[in-house]
Amino acid sequence: MLKTNNHNGPLSRFTVIDASRVRAGPTAIRLFADMGARVIKLEIPDGAPGGDDMIGARDHDRADFENLHRNKESLTLNLKAEEGKVIFRDLIRDADVFIENYRPDVKYKLGIDYESLRTINPRLVYASISGFGQDGPYSKRPGFDSIAQGMGGLMTITGEPGRGPMRVGIPLADLCAGHFCAQGILAALLEREVSGEGQWVQTNLLESQIAMLDFQAAKWLIDGQVSGQNGNEHPITVPTGVYATRDGYLNLAAIGQTMWVRLCKVLGVPELVEEPGFESDAMRVRNRDRVNSAIEDLFRQRTTAEWIDALNEAGVPCGPIYGIDRMFEDEQVKHLDVTWDIDHPARGPLEVVNTPIRMSRFPRPEKARPAPEKGEHTDRILAELGLSPARIDELKQRHVV
């Protein structure tokens, strides 16, 4: 039997077995690890079939790996070997959550599908993330973030008009599928407190990307309007977007009539409020080019910092546009303490981005545990399950663990 988790946090009573790979699944389970759950990440032993497990490139991109897999344990286990399946079933008996993001048919071939595992542990919350869903005409296709961004409509509303489809600069479909999955798992764990039973939680990249379209999807479903690309400007309100200043750029969001009136006053052109065609958001959208032409030269007269001070004083939303390096130097970002320290045994002090959730009775730990080396906790976990050192060595020799 697995030992009780000794980490603090609101989710410390839960044990998660993580067979997910790439990004969406690890993103979902990172929340549980950061919140104190015991997360045991399964990896394929060296020498076992399918050794390219796509878990994350430890050597090629260690920064990404540390960010995704901090606070987890690593157990190497060959699920294709019968003895590996026996160990896996022992893990499942003590687990609260199991997550996988194989192609939908793989789990059935391995005998680790939901119906099989619920006979071992009826309280198990089983989570699956796929590219296109667990069934349907595309279910067996390989699914990756950029494919979901394209099929999910995002690339046709991102970027500048006439420049062709544009992918977002982060793996948005992966990340959203992971976050939706984490929400689903938490909801299933809450429901289990009433029913006493687990259930199968499913998300996929395509559906998650479509859900994130939000008002853009609603415009089509309700009004029959197909949105296009607006670059940095907001599709339904003007003026918003990026404006050149004397020394750089300013991000502006003068949304609504009140903000428009305030903006015109700060710019020194209050007469624009009464300009024909500028009287409302809807009219300004129809005259977008005229509005921008009327104000863009004014922004070039002062520096970005000067405009930010003046506009914020007037209550007009605005801000600078940072590179990632400068973003971390911003005084509010520093105040929020968004980074998390790691003492890495090989690389020394590291920082990763912390979970952006704050809880009054569970302060975030000062330090995160580094991402585990492959199989780092194998011996300890197997010993908890009752295997002797000699038996563990034997299984290692045969690439079962």
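Mind showing me how you'd approach the packing of aromatic side chains here?
The geometry of an aromatic ring pair is captured by two quantities: the separation of the ring centres and the angle between the planes. Enumeration over the complete set of coordinates arrives at 9 aromatic pairs. Geometrically, the ring pair formed by F98 and Y126 is edge-to-face, given 5.2 Å between the ring centres and 65° between the ring planes. Of this pair, F98 sits in strand β4 (residues 97-100) while Y126 sits in strand β5 (residues 125-130); the two residues are 28 residues apart in sequence, bridging distant segments of the chain. You can call F98 buried: its relative accessible area is 0%. Classification of Y126 by relative accessible area gives buried; the value is 0%. Taken together, a centroid distance of 6.1 Å and an interplanar angle of 80° make the contact between W260 and F278 edge-to-face. Of this pair, W260 sits in helix α10 (residues 256-267) while F278 is found in the loop between α10 and α11 (281-286), placing the two residues 18 residues apart along the sequence. Under the relative-accessibility criterion, W260 is labelled buried at 0%. Given a relative accessible area of 2%, F278 falls into the buried group. Members of the aromatic cluster, connected to one another through ring pairs, are F88, F98, Y114, Y126 and W200. Above the plane of the ring of Y138 lies R141, whose end atom (NZ or CZ) is 3.8 Å from the centre. Here the basic side chain of R302 rests over the ring of W307, its NZ or CZ set 4.8 Å away from the ring centre.

Help me out: how do you make sense of the environment of D379 in this one?
Position of D379 among the secondary structure elements: in helix α16 (residues 378-384). Here D379 falls in the partly exposed class, since its relative accessible area comes to 38%. As for D379 and P389, which are separated by 10 residues in sequence, their C-alpha atoms are 7.7 Å apart. When residues no more than four places from it in sequence are discounted, the contact partners of D379 are I392 and K396. Separated by 2.6 Å, the side chains of D379 and K396 make a polar contact.

Please clarify how the sheet that holds strand β10 (residues 339-344) should be interpreted in this entry.
One key point about sheets: their strands pair by backbone hydrogen bonds, in either a parallel or an antiparallel sense. Read from one edge of the open sheet, 3 strands run β11-β10-β12, paired in mixed fashion. Both outer strands of the open sheet, β11 (348-353) and β12 (367-368), are each paired with one neighbouring strand and no more. Of the strand pairs in this sheet, β10 and β11 are connected by 6 bridges, and their pairing is antiparallel. Across the sheet, residue H344 finds its bridge partner in β11, namely G348. Of the strands in this sheet, β10 and β11 touch helix α2 (residues 62-69), which is tilted by about 65° from β11.

How should a nonpolar patch on the surface be read in this particular structure?
Taken together, the side chains of V22, Y138, F144, I147 and M151 define a hydrophobic patch exposed on the protein surface, amounting to about 410 Å² of accessible area. Inspection of the secondary structure puts M151 in helix α6 (residues 145-151). Overall, M151 belongs to the partly exposed group, its relative accessible area being 38%.

Got a minute to help me understand helix α12 (residues 288-299) in this structure?
Working note: α-helix, 3.6 residues per turn, so residues spaced by three or four point in the same direction. Helix length check: α12, at 12 residues, gives a terminal C-alpha distance of 17 Å against a target of 16 Å (1.5 Å per residue), a fit within 8%. Among the residues of α12, R288, V291, N292, I295, L298 and F299 are the ones counted as buried. The buried side chains of α12 occupy one side of the element, clustering within an arc of 130° when seen end-on. In the core, the buried residues of α12 are packed alongside β7 (240-244), β8 (249-253), α10, α11 and α13 (304-314).

Just checking my understanding: could you explain the packing of helix α1 (residues 24-34) against helix α7 (residues 172-195) for this structure?
Angle between the axes and distance between the axes: these two values describe a pair of packed helices. Two elements in contact, α1 and α7, have axes separated by 7 Å at closest approach and are oriented at 45°. The angle between α1 and α7 places the two elements in the oblique class. The two elements α1 and α7 cross, and the hand of that crossing is right-handed. Judged by residue contacts, A24, T27, A28, I29, L31 and F32 of α1 engage D174, L175, A177, G178, H179, C181, A182, I185, L186 and L189 from α7.

Just checking my understanding: could you explain unusual backbone geometry for this structure?
The phi torsion of most residues other than glycine is negative, and most of the peptide bonds are trans. In this structure, the amide linkage connecting V238 to the following residue, P239, adopts the cis form with an omega of 5°. Structurally, P239 is set in the loop between α9 (215-223) and β7. Even without being a glycine, V22 presents a positive backbone phi close to 65°.

Looking at this model, I keep getting lost on the nonpolar core. Mind explaining?
General note: in soluble globular proteins, nonpolar side chains tend to be found buried as a group. Core analysis: the biggest nonpolar cluster contains 31 residues, and I17, L42, L77, F88, L91 and F98 have the highest contact counts within it. Sorting the residues of this core by element identifies β2 (38-43), α3 (82-94), α4 (106-110), α5 (114-118), α16 and α17 (389-397) as the ones contributing at least two each. Considering each element in turn, this core owes the most residues, 4 residues, to α3. The contacts of L77, once residues within four sequence positions are left out, are L42, E43, I44, P45, G84, I87, F88, L91, V400 and V401.

Hey, could you run me through the side chain of Q149 in this one?
Following the sequence through the fold, Q149 ends up in helix α6. Accessibility expressed as a relative area gives 0% for Q149, which makes it buried. A polar contact of 2.8 Å, which involves the side chain of Q149, links it to the side chain of D145. Engagement of the side chain of Q149 in a polar contact is seen with the backbone oxygen of I170, the distance being 3.2 Å. In this structure, Q149 is in contact with L154, M155, R167, V168, I170, P171, L172 and Q209, ignoring residues within four places of it in sequence.

About the cut-offs
- Residues numbered from 1 in each chain as written.
- Predicted model: local features only at pLDDT ≥ 70, side-chain atom pairs only at ≥ 80, totals over all residues.
- Heavy atoms only, no water.
- Phe/Tyr/Trp six-rings, centres within 6.5 Å; stacked < 30°, edge-to-face > 60°.
- Helix = DSSP H or I, 4+ residues; strand = E, 2+ residues; numbered from the N terminus.
- Buried < 20%, exposed > 50% of the residue type's maximum accessible area, 1.4 Å probe, protein only.
- Lys NZ or Arg CZ within 6 Å of the ring centre and 35° of its normal.
- Contact = heavy atoms within 4.5 Å.
- Polar contact = N/O pair within 3.5 Å; in protein donor to acceptor, adjacent residues only side chain to side chain.
- Pairing = 2+ DSSP bridges.
- Axes fitted to C-alpha atoms, helices over the stretch in contact; angles between N-to-C directions.
- Patch = residues over 30% accessible without salt bridge, like charges linked within 9 Å, V, L, I, M, F, W, Y side chains within 5 Å.
- Areas by Shrake-Rupley, 256 points an atom, 1.4 Å probe, with all protein chains shown as cover.
- Salt bridge = Lys/Arg side-chain N within 4 Å of Asp/Glu carboxyl O.
- Expected span 1.5 Å × (residues − 1).
- Arc of directions from axis to C-beta.
- Parallel < 35°, antiparallel > 145°, perpendicular 65-115°, else oblique.
- Left-handed = near helix turned anticlockwise from the far one by under 90°.
- Core = buried A, V, L, I, M, F, W, Y, C linked by side-chain atoms within 4.5 Å.

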